[in-house]
Amino acid sequence: MSVLVCGGAGYIGSHMVAELLENNEDVVVLDNFQKGHRDAVIGNVKVYEGDLRDRKILDKVLSENNIDAVIDFAADSLVGESVSEPLKYFNNNVGGTISLLQALKDYNVKNIVFSSTAATYGEPENIPILEGDKTFPTNPYGETKLTVEKILKWCDNAYGIKYTALRYFNAAGAHISGKIGEDHRPESHLIPIILQVALGKREKIMIFGNDYNTPDGTCVRDYIHVSDLASAHLLALNKLRQGGESKIYNLGNGKGFSVKEVIDVTKKITGIDIKAEIAPRRAGDPAVLIASSEKAIKELHWKPKYDSLETIIETAWNYHKNHINGYDK
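All of these numbers come straight from a predicted model, not from anything done at the bench. (Residues numbered from 1 in each chain as written. Predicted model: local features only at pLDDT ≥ 70, side-chain atom pairs only at ≥ 80, totals over all residues. Heavy atoms only, no water.)

## Focus: the overall build of the chain
Now for step 1: In terms of regular secondary structure, the chain is built from 10 helices and 14 strands.
Now for step 2: Rg of the C-alpha trace for the chain: 19 Å, near the compact-globule value of 20 Å for 329 residues, within the 12% margin.
Now for step 3: In the chain, once contacts between residues fewer than 6 apart in sequence are set aside, the share between residues at least 24 apart is 77%.
Now for step 4: About 14,300 Å² of surface is accessible on the chain, with carbon and sulfur atoms providing 49% of the total. (Helix = DSSP H or I, 4+ residues; strand = E, 2+ residues; numbered from the N terminus. Rg over C-alpha atoms; globule rule 2.2 N^0.38 Å. Contact = heavy atoms within 4.5 Å. Areas by Shrake-Rupley, 256 points an atom, 1.4 Å probe, with all protein chains shown as cover.)

Printed below as a string of structure tokens:
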């Protein structure tokens, strides 16, 4: 039996592939390579190039392999772009998953782990955020993920396709081996942007707002190591395989770090002075986003291994300093 990883050449997807291989799973990857990188898929993996909205490629993958479960990372994920291009995001993120679910129904594949997001909550009503809190996304990206969660619920009801939706916070860090890491084009995540300053690829890091109601005035976020995310996906998958019911879980460290704290720790890890400049707030940035992962810890028996900010940044630095141009040779 094989696990199909959709979007397996992306940042989190490639770490998922590594986690599966480390646990002796047979892995098949489907990716359209619009954002993913072929060199991010390491190990003995069968790779297909194609889009979830293309039924022909889904038929090919599902007919040529004995797939018992799917982990779905395939999505556009830039919040700002989703605001300016909502139709693109609904077409890809929702349309792609509908196409995938139709194929899973037809091929009698009953287990799917879905990559969701904390953006489903919008402005939080509690800190830390609980799974039962209200969901009012403030951007189309979060809305597409919430829409898919609702579709998954009704597909379970109608077809018995069991799902786990994992709502995670700020994925960060890189594989402990240093062979795979974060390489977005353009880069939008805080830690790799700071590291680009350390490597001389950017002049400075912009801090968007220093007047929030936080200890140092800058936004506070919950950073979770990408390999810890991958381990949670595998635990969720195995729970489904054992007959578990469909569930939604938050994934985070349960601790928040401000933008200034992240910059300071990165300076310490790299030994490089990093120039920072204050800029106006960005629209829609909540002051604090921190997850409660107690449900995942209790029900999935998940225990993050790389849960300190220092370790997260050390692994990211180990990748970036040896891959200054990302996956480009």
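## Quick notes on the sheet that holds strand β4 (residues 67-72)
Now for step 1: Ordered in space as β3-β2-β1-β4-β5-β6-β11, the seven strands form an open sheet in which the pairing is parallel. Of all strands in the sheet, those with a lone pairing partner are β3 (46-49) and β11 (247-251), marking the two edges. Taken over all neighbouring pairs, the strand axes of this sheet differ in orientation by 20° on average, direction set aside.
Now for step 2: Taken together, the seven bridges between strand β5 (residues 111-117) and strand β6 (residues 162-168) define a ladder with parallel strand orientation. Counterpart to Ser116 in the pairing with β6 is Arg167.
Now for step 3: Against the sheet, helix α7 (residues 226-241) makes contact with β1 (2-6), β4, β5, β6 and β11, and its axis sits at roughly 160° relative to β6, the strand it touches most. (Pairing = 2+ DSSP bridges. Axes fitted to C-alpha atoms, helices over the stretch in contact; angles between N-to-C directions.)

## Quick notes on the packing of helix α1 (residues 11-22) against α7
Now for step 1: Contact pair α1 / α7: the axes reach a minimum separation of 9 Å and the direction vectors enclose 60°. As the angle between them shows, α1 and α7 are arranged oblique. Of the two elements, α1 crosses α7, and the hand of that crossing is right-handed. When α1 is examined against α7, the residues Tyr11, Ile12, His15, Met16, Glu19 and Leu20 are found in contact with a partner set consisting of Val226, Ser227, Leu229, Ala230, Ser231, His233 and Leu234. (Parallel < 35°, antiparallel > 145°, perpendicular 65-115°, else oblique. Left-handed = near helix turned anticlockwise from the far one by under 90°.)

## Description of the pairing of β1
Now for step 1: Burial within β1 is extensive, with five of its five residues counted as buried.
Now for step 2: Residues Ser2, Leu4 and Cys6 line one face of β1 and the alternating positions Val3 and Val5 line the opposite face, and both faces are buried.
Now for step 3: Regarding the hand of the β-α-β motif, the stretch spanning β1, α1 and strand β2 (residues 26-31) is right-handed.
Now for step 4: Here β1 pairs with β4 via five bridges, running parallel. For Val3, the partnering residue across the bridge sits in β4 and is Ala69. (Buried < 20%, exposed > 50% of the residue type's maximum accessible area, 1.4 Å probe, protein only. Right-handed = clockwise from strand over helix to strand, strands pointing away.)

## Brief notes about unusual backbone geometry
Now for step 1: Cis rather than trans, the peptide bond between Ile127 and Pro128 has omega equal to 0°.
Now for step 2: Tracing the backbone shows Pro128 in the loop between β5 and α5 (140-159).
Now for step 3: Even without a glycine there, the phi angle at Asn24 is positive, about 60°.
Now for step 4: Residue position: Asn24 is located in the loop between α1 and β2.

## Quick look at the packing of helix α8 (residues 259-270) against helix α10 (residues 309-322)
Now for step 1: Relative orientation of the contacting elements α8 and α10 amounts to 60°, with a least axis distance of 10 Å. The orientation of α8 relative to α10 falls into the category oblique. When you trace α8 past α10, the crossing you get is right-handed. Here Glu261, Val262, Val265, Thr266, Ile269 and Thr270 of α8 come into contact with α10, specifically with Leu309, Glu310, Ile313, Glu314 and Trp317.
Now for step 2: Split into classes, the residues belonging to the contact of α8 with α10 amount to six nonpolar, two polar and three charged. (Nonpolar A, V, L, I, M, F, W, Y, C, P; charged D, E, K, R; others polar.)

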